Amino acid sequence: MEKMIKLTIDNKQIEVPKGTTIYEAAKQLGIEIPTLCYMHLGDMGIEHKPGGCRICVVEVEGRRNLAPSCNSKCEEGMVIHTHNMRVLNARKTVMELMLSDHPFDCLVCAKSGNCDLQDMAHQFGVRELHYKGEQSTYKVDYSPSIIRDMDKCIMCRRCETMCNDVQTVGALSAVNRGFDSVVAPAFEMDLEKSTCTYCGQCVAVCPTGALTEKDHTNQLIRDLADSKKTVVVQTAPAVRAALGEEFGMEAGTLVTGKMVSALRQLGFDKVFDTDFAADLTIMEEGTELLGRLQKHLDGDKDVKLPILTSCCPGWVNFFEHHFPEMKDIPSTARSPQQMFGPIAKNYLAEQMGIKREDMIVVSIMPCLAKKYECQRDEFKVDGDPDVNYSISTRELANLIKQANMDLSTMTDEDFDNPLGESTGAGVIFGATGGVIEAAARTAYEVYTGKTLEKVDFEALRGMDGIRSATVDFDGLPINIGIAHGLGNARKLLEDIRDGKSEYHAIEIMACPGGCIGGGGQPLHHGDSSILKKRAAALYREDEGKAIRKSHENPYIIKLYEEFLGKPCSELSHKLLHTHYFDKSNEIEIE
């Protein structure tokens with residue numbers, strides 16, 4: 001039985017299990033202690049409590065120094081004061097010292113209005129700085145997806161925990177000592193030259209403007225204002241489940257129709273759905289899966305199993321850097337974003353009577369790695385990208401606000417066709433387990449020739465970091481693995497490399513929760529309940545769809561009849577498939 005201890009916090013008595021921190025005990029009493037470095041994603045087992053910022057200090061009677069509540073454990077009989085004058089004075093002093101080594105450019109900072117440091121300075125009533133002196137200065141690091149401005153770093157080291165402990169990428173760590181200390185790649189190299197996967201989880205947890213996404217909003221405004229260009233947009237499934245949060249709506253509120261209406265008012269010539277391309281992905285990836293399975297059943301010892309999904313560019317970057325010897329195991333199918341681009345610039349452009357180079361394809365994604373993905377050279381034709389650029393959910397929200405639109409009052413509208421029609425299978429791509437569930441719905445019917453009556457594969461759903469399930473294909477057991485978060489992906493990959501894996505197919509998503517927790521989504525501030533609500537929203541939209549299997553999408557059927565021929569045809573391989581690279585030796589040190 002757990003040993004319980006009693007203590008008093010702000011004149012309120014509480015009994016908690018031994019090992020509970022003061023911060024956790026205070027929270028149980030409804031007492032909010034301010035924090036900057038502390039981070040807790042309970043359902044995912046992610047906790048960061050270095051006690052470094054000292055904003056969360058409290059007074060413990062009988063103790064000479066103030067204690068950081070986030071990593072100080074409760075003891076029997078403790079009497080704690082969380083907001084007396086001594087504590088408030090200490091917090092304000094710490095805040096002023098932080099600000100004394102921080103740029104004064106809040107008006108033009110990308111995080112202005114959504115910055116924990118800014119909010120806390122306002123909360124503490126900081127109106128002047130009593131400490132002045134030299135400020136640390138670093139060069140701004142621009143990569144295809146992420147901008148690092150370390151002049152704004154407060155050394156909370158949340159990003160370091162996400163990159164090293166959660167994602168196991170190892171691109172960021174603390175370097176130098178004292179006044180010169182900063183979080184950076186090894187040898188302070190540029191992020192683009194490091195092992196960074198651009199998953200964006202560092203950006204998602206940064207409390208200041210030290211880490212932000214590369215903003216393409218101004219480029220989009222220029223393109224929309226150019227009457228000579230045809231600008232079309234695709235929107236990822238996870239965006240519709242989170243965009244409303246930026247407009248004060250409850251997490252998990254579906255805004256699909258309102259989002260379409262807003263995009264039309266912004267001036268896009270066509271508003272399409274990436275879910276259509278997700279259905280297309282299932283046709284290609286599912287055919288590839290069944291092809292490998294059949295070879296395996298026929299006794300082919302050289303067939304590469306398990307097949308790994310390839311929808312997530314952060315995950316693709318990860319295995320290219322860390323497991324390049326396994327680059328022939330993932331599916332060669334492109335991600336839905338990169339399938340949409342060549343279909344739009346070849347099939348659709350021809351239908352519309354315009355040249356490929358006169359069409360601008362923009363994607364709205366929950367993911368910062370998508371910004372990098374669409375700039376990869378293999379996704380360009382004579383220098384023209386299949387997808388010109390990608391903006392995040394946050395960027396879209398800011399653009400809608402700039403255009404003086406209130407999303408909550410918009411009328412619901414439908415996507416344009418032919419690239420706007422999708423099934424429920426395409427919608428659930430945004431949640432962990434969704435891609436493999438969508439694939440199972442189609443692969444089952446194609447393999448067995450029978451109708452799948454129950455399309456909800458509950459065993460493939462959930463928020464556990466690594467999950468396993470067996471799906472019965474009419475007597476053929478298919479072993480499926482699922483991982484979200486690159487640290488979990490590493491464990492499955494090491495099993496494959498060591499010959500311990502018994503899976504036939506594995507879905508991997510770089511971000512916790514899948515795309516719903518992407519680095520470009522509205523910030524969840526460590527509240528994992530928000531991710532659950534977003535996932536539930538996607539499953540609700542799936543349930544409400546008239547068609548819930550990718551191979552039954554009438555516009556997908558028509559696309560193959562009129563243009564592609566059949567899944568994994570020669571033309572499909574040219575436009576919809578890709579190849580991978582060994583990037584293990586591409587780290588550059590100047």
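Here, every reference points to the structure presented above.
In short, a report on the structure.

Basis of the calculations
- Residues numbered from 1 in each chain as written.
- Predicted model: local features only at pLDDT ≥ 70, side-chain atom pairs only at ≥ 80, totals over all residues.
- Heavy atoms only, no water.
- Helix = DSSP H or I, 4+ residues; strand = E, 2+ residues; numbered from the N terminus.
- Buried < 20%, exposed > 50% of the residue type's maximum accessible area, 1.4 Å probe, protein only.
- Contact = heavy atoms within 4.5 Å.
- Areas by Shrake-Rupley, 256 points an atom, 1.4 Å probe, with all protein chains shown as cover.
- Lys, Arg positive; Asp, Glu negative; His and termini not counted.
- Charge placed at Lys NZ, Arg CZ, Asp CG, Glu CD.
- Pairing = 2+ DSSP bridges.
- Polar contact = N/O pair within 3.5 Å; in protein donor to acceptor, adjacent residues only side chain to side chain.
- Arc of directions from axis to C-beta.
- Disulfide = S-S within 2.5 Å.
- Core = buried A, V, L, I, M, F, W, Y, C linked by side-chain atoms within 4.5 Å.
- Phe/Tyr/Trp six-rings, centres within 6.5 Å; stacked < 30°, edge-to-face > 60°.
- Axes fitted to C-alpha atoms, helices over the stretch in contact; angles between N-to-C directions.
- Parallel < 35°, antiparallel > 145°, perpendicular 65-115°, else oblique.
- Left-handed = near helix turned anticlockwise from the far one by under 90°.
- Nonpolar A, V, L, I, M, F, W, Y, C, P; charged D, E, K, R; others polar.

## Let's talk about the overall build of the protein
Per the secondary structure count, the protein includes 19 helices and 22 strands. The principal-axis extent of the C-alpha atoms belonging to the protein is close to 80 × 60 × 50 Å. Taking all 590 residues of the protein together, the buried fraction comes to 61%. Sequence-distant contacts, at least 24 apart, represent 73% of the contacts inside the protein between residues at least 6 apart. Accessible area for the protein stands at about 24,400 Å²; split by element, carbon and sulfur atoms hold 48% of it. If the 66 positive side-chain charges of the protein are averaged to one point and the 88 negative ones to another, these points end up 4 Å apart.

## Some thoughts on the pairing of strand β1 (residues 4-9)
Alignment of β1 against strand β2 (residues 12-17), held across six bridges, turns out to be antiparallel. Bridged to Ile 5 within β2 is Val 16. The sheet contact formed by β1 and strand β7 (residues 79-81) spans two bridges and is parallel. Across the sheet, Thr 8 pairs through a bridge with Val 79, a residue of β7.

## As for the side chain of Ser 72
By the secondary structure assignment, Ser 72 is in the loop between β6 (67-68) and β7. Take Ser 72: its relative accessible area is 10%, and that puts it in the buried class. Engagement of the side chain of Ser 72 in a polar contact is seen with the backbone oxygen of Pro 68, the distance being 2.7 Å. Every residue in contact with Ser 72, bar those within four places of it in the chain, is listed here: Thr 20, Thr 21, Ile 22, Arg 63 and Ala 67.

## Comments concerning the pairing of strand β22 (residues 505-509)
Burial analysis of β22 places five of its five residues in the buried class, the great majority of the element. Residues Ala 505, Glu 507 and Met 509 line one face of β22 and the alternating positions Ile 506 and Ile 508 line the opposite face, and both faces are buried.

## As for helix α6 (residues 217-225)
Along α6, the residues that are buried comprise Thr 217, Leu 220 and Asp 223. Across the axial projection of α6, the buried residues extend over an arc of 120°, all falling on one side. For α6, the exposed residues lying more than 90 degrees away from the buried face are Asn 218, Arg 222 and Ala 225. Elements that come into contact with the buried residues of α6 comprise β13 (230-235), β16 (359-365), β19 (389-392) and α13 (393-402).

## Observations regarding the environment of Gly 420
For Gly 420, the location among the structural elements is in the loop between α13 and α14 (424-427). Along the backbone, Gly 420 and Val 231 are 189 residues apart, and their C-alpha atoms lie at a distance of 15 Å. Setting aside residues up to four positions removed in sequence, Gly 420 forms contacts with Phe 272, Asp 273 and Phe 415.

## Here we look at the state of the cysteines
This model, assessed by the stated rule, comprises zero disulfides. Free of any disulfide, Cys 367 has its nearest cysteine sulfur in Cys 511, 5.8 Å distant. Cys 367 gets classed as buried once you look at its relative accessible area, which sits at 9%. Here Cys 374 is not disulfide-linked; the sulfur of Cys 367 is the nearest cysteine sulfur, at 10 Å.

## A look at the nonpolar core
Core analysis: the biggest nonpolar cluster contains 54 residues, and Ile 146, Leu 211, Trp 315 and Leu 493 have the highest contact counts within it. It is helix α16 (residues 486-497) that provides the largest number of residues to this core, a total of five residues. Every residue in contact with Ile 146, bar those within four places of it in the chain, is listed here: Asp 141, Leu 191, Tyr 198, Gly 200, Cys 202, Val 203, Leu 211, Thr 212, Lys 214 and Leu 368. Judged by nonpolar contacts, the second largest core, of 30 residues, contains Leu 243, Ile 364, Tyr 389 and Met 405.

## Digging into the packing of aromatic side chains
Within the structure shown, the criterion is met by nine aromatic pairs. Judged by centre distance (4.6 Å) and plane angle (55°), the rings of Tyr 23 and Tyr 38 are tilted. Note that Tyr 23 is positioned in helix α1 (residues 22-28) and Tyr 38 in the loop between α1 and β3 (39-41), a separation of 15 residues in sequence. Ring plane angle 35° and centroid distance 4.9 Å describe the contact between Tyr 198 and Tyr 372, whose orientation is recorded as tilted. Linking Tyr 198 in the loop between β11 (182-184) and α5 (201-205) with Tyr 372 in helix α12 (residues 369-373), this pair joins segments that are 174 residues apart in sequence. Feature note: the residues Trp 315, Phe 319 and Tyr 580 constitute an aromatic cluster, connected by ring pairs.

## Looking at the packing of helix α10 (residues 313-322) against α16
If you want to describe how two helices pack, look at the angle between their axes and the distance between the axes. Where α10 contacts α16, the two axes come as close as 11 Å, and the packing angle between them is 50°. With respect to their mutual orientation, α10 and α16 come out oblique. The hand of the α10/α16 crossing is right-handed. Here Gly 314, Trp 315, Phe 318 and His 322 of α10 lie close against α16, whose contacting residues are Leu 486, Arg 490 and Leu 493. Class assignment for the residues of the contact of α10 with α16 results in four nonpolar, two polar and one charged.

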